[in-house]
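Here's the letter readout for the chains.
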Amino acid sequence: MTIDAYLGELRDRLPNTRRRRVLHEVGPHLRDAAAALEHGGLAPDVAEAKAVAAFGPADVVAEEIAREVAPIAVRRAAVLVMVGLGVLVVPLYGIPQNFLPPAPWDERSAHLGALLLATFAAWALSLGLAVSAAAVSLASRPRLAVGVLGIAAVAGLASIGAAVATIVVWWLEVPHVPIGSLVAFSVPATLVAAAIVLAGVGWARDKRPLLT
Amino acid sequence: MRGEVMKGHVDLLLLRTLHRSPSHGYGIVESLRERSEGAFHLAEGTVYPALYRLERQGLVASSRRTVDGRRRRIYRLTTAGVAALAERRRRWAAFTGAVESILA
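The numbering scheme is per chain: residues are counted from 1 as the chain's sequence reads. Think of it this way: whatever chain is written first is A, whatever ligand is written first is 1, and the rest follow in order. For this predicted model, a pLDDT threshold of at least 70 governs which residues receive local features, and a threshold of 80 or more governs which side-chain atom pairs are given and counted, while totals over whole chains, interfaces and linings are taken from all residues. Here the side-chain values reflect all heavy atoms present in the structure, with hydrogen atoms and water set aside.

Quick word on the overall build of chain A
Note the threshold: Helix and strand assignments follow DSSP, with helices taken as H or I runs no shorter than four residues and strands as E runs no shorter than two, numbered in order from the N terminus. C-alpha atoms define the radius of gyration, and 2.2 Å times the number of residues to the power 0.38 defines the globule rule. In this scheme, a residue with accessible area under 20% of its type's maximum is buried, one over 50% is exposed, and one in between is partly exposed, where area comes from a 1.4 Å probe on protein chains only. Contacts between residues were defined by any pair of non-hydrogen atoms, one from each residue, lying within 4.5 Å. Charge assignment: positive for Lys and Arg, negative for Asp and Glu; neither His nor the chain ends contribute. Where a charge sits is defined by one atom per residue type, namely NZ (Lys), CZ (Arg), CG (Asp) or CD (Glu).
Helix and strand content of chain A: eight helices and zero strands. Secondary structure elements of chain A, listed N to C terminal, follow the sequence α-α-α-α-α-α-α-α. Here the C-alpha radius of gyration of chain A, 26 Å, is well above what a compact globule of 212 residues would show, namely 17 Å. With respect to the three principal axes, the spread of C-alpha positions in chain A is 95 × 30 × 20 Å. Split into buried and exposed, the 212 residues of chain A put 45% on the buried side. At a minimum sequence separation of 6, the contacts of chain A that also span at least 24 residues come to 79%. Charge-centre separation for chain A: the mean point of 17 positive side chains lies 5 Å from the mean point of 16 negative side chains.

Put into structure tokens, the structure is as follows:
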């Protein structure tokens, strides 16, 4: 096999996380090895084939590299989930704060207060779990981090559900709620935040089989 | 020496090799081959996952530099790597000492 063919096979099998870096390292390695063998008297094509063979099968090398870089991907996924949960502040707090008329606090129903509390408690819990997952992944426990990220996502989705219920109750109990504008801004922002969170969790879960 | 036997000791060998001098992947493989007088037949590609593992553990750091006209990633030992090497050498000496006393 030629060096270029080997690098092509390796490129197809490597995880995105380190593909460029690995190819920038392996290419010169193989060319140096082939040059040394050629200097030792081998024909160029034989030297290349021998250098490739000494490096090891591309699938084995790629899998070992994937195992080593998987914890890095989990760490990045944890950061992505934190970003998604951070974005969730916009539909959970920023938009309602600017669109909802003040609730009649003195005579508000108990369940409206409870829903507000549940929304922010679930969101705070989800963010806390995501931060914990990032810390756990830094402490070389990536499998645990993936599990914690999953729970963080569930808590994040629960906060979205509680927020929707809060807005519905608010709309029913407080007069003059501009529900159209509220929904028009909140729904896209919520979908973006949820997509970021779910993408992060999905990315982390994809790496789970590679984690020890 | 067979690859499987080598595998468990790769980290120690890499730490010691980089302790002598910073190097790129191919340089490390060459150094291992020379110092073992050809006894170590390690699949060269296994060096990189091990280097990435050591880098993730903070024992090794790397940077890109131009060497002989080629852009190479040079690995060097960190302070934590020096301490880890000392600890692993101590454990290795204790292990081989115990084996020697059984074999004697």
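Considerations on the interface of chain A and chain B
The condition that has to hold: Here's the idea: put two parts together, see how much 1.4 Å probe accessible area each one loses, and the total over both is what we call buried area. For this analysis, a salt bridge means a side-chain nitrogen from Lys or Arg found within 4 Å of a carboxyl oxygen belonging to Asp or Glu. Between N or O atoms, a polar contact is any pair within 3.5 Å; within protein, one atom must be a potential hydrogen donor and the other a potential acceptor, and residues adjacent in sequence are included only when both atoms are from side chains.
Taken residue by residue, the interface counts 22 residues in chain A and 23 residues in chain B. Considering only the side of chain A, the residues that lose the most area to chain B are Glu25, His29 and Glu68 of chain A, jointly responsible for 30% of the buried surface there. The interface formed by chain A and chain B holds four salt bridges in total. Residue Glu68 of chain A pairs with Arg56 of chain B through a salt bridge whose shortest N-O separation is 3.0 Å. In this assembly, chain A and chain B are joined by 12 residue pairs in polar contact (both at pLDDT 80 or more). Taken together, the elements giving at least two residues each to the side of chain A that touches chain B come down to helix 2 (19–39), helix 3 (44–55) and helix 4 (58–87) of chain A.

A short note on the packing of aromatic side chains
Convention followed: Ring pairs shown here join Phe, Tyr and Trp side chains whose ring centres sit within 6.5 Å, with only the six-membered ring taken for Trp; geometry is labelled stacked below 30 degrees between planes, edge-to-face above 60, and tilted in between. Geometrically, a charge over a ring is one whose NZ (Lys) or CZ (Arg) sits within 6 Å of the ring centre while staying within 35 degrees of the ring normal.
Following the criterion strictly, the structure yields three aromatic pairs over all chains and no others. Between Tyr6 of chain A and Phe55 of chain A, the ring centres sit 5.9 Å apart and the planes meet at 80°, which makes this aromatic pair edge-to-face. Note that Tyr6 of chain A is positioned in helix 1 (residues 3–13) and Phe55 of chain A in helix 3, a separation of 49 residues in sequence. Classification of Tyr6 of chain A as buried rests on a relative accessible area of 2%. When the centroid spacing of 6.0 Å and the interplanar angle of 40° are considered together, the rings of Trp92 of chain B and Phe95 of chain B count as tilted. Here Trp92 of chain B and its partner Phe95 of chain B are both found in helix 5 (residues 79–103), three residues apart, which amounts to about one turn of the helix. Classification of Trp92 of chain B as partly exposed rests on a relative accessible area of 38%. Accessibility expressed as a relative area gives 49% for Phe95 of chain B, which makes it partly exposed. In textbook terms, an aromatic cluster arises when at least three aromatic residues are bridged by ring pairs, as seen for Tyr6 and Phe55 of chain A together with Tyr48 of chain B. The cationic tip of Arg18 of chain A hangs over the ring face of Tyr52 of chain B; the distance from NZ or CZ to the ring centre is 4.9 Å.

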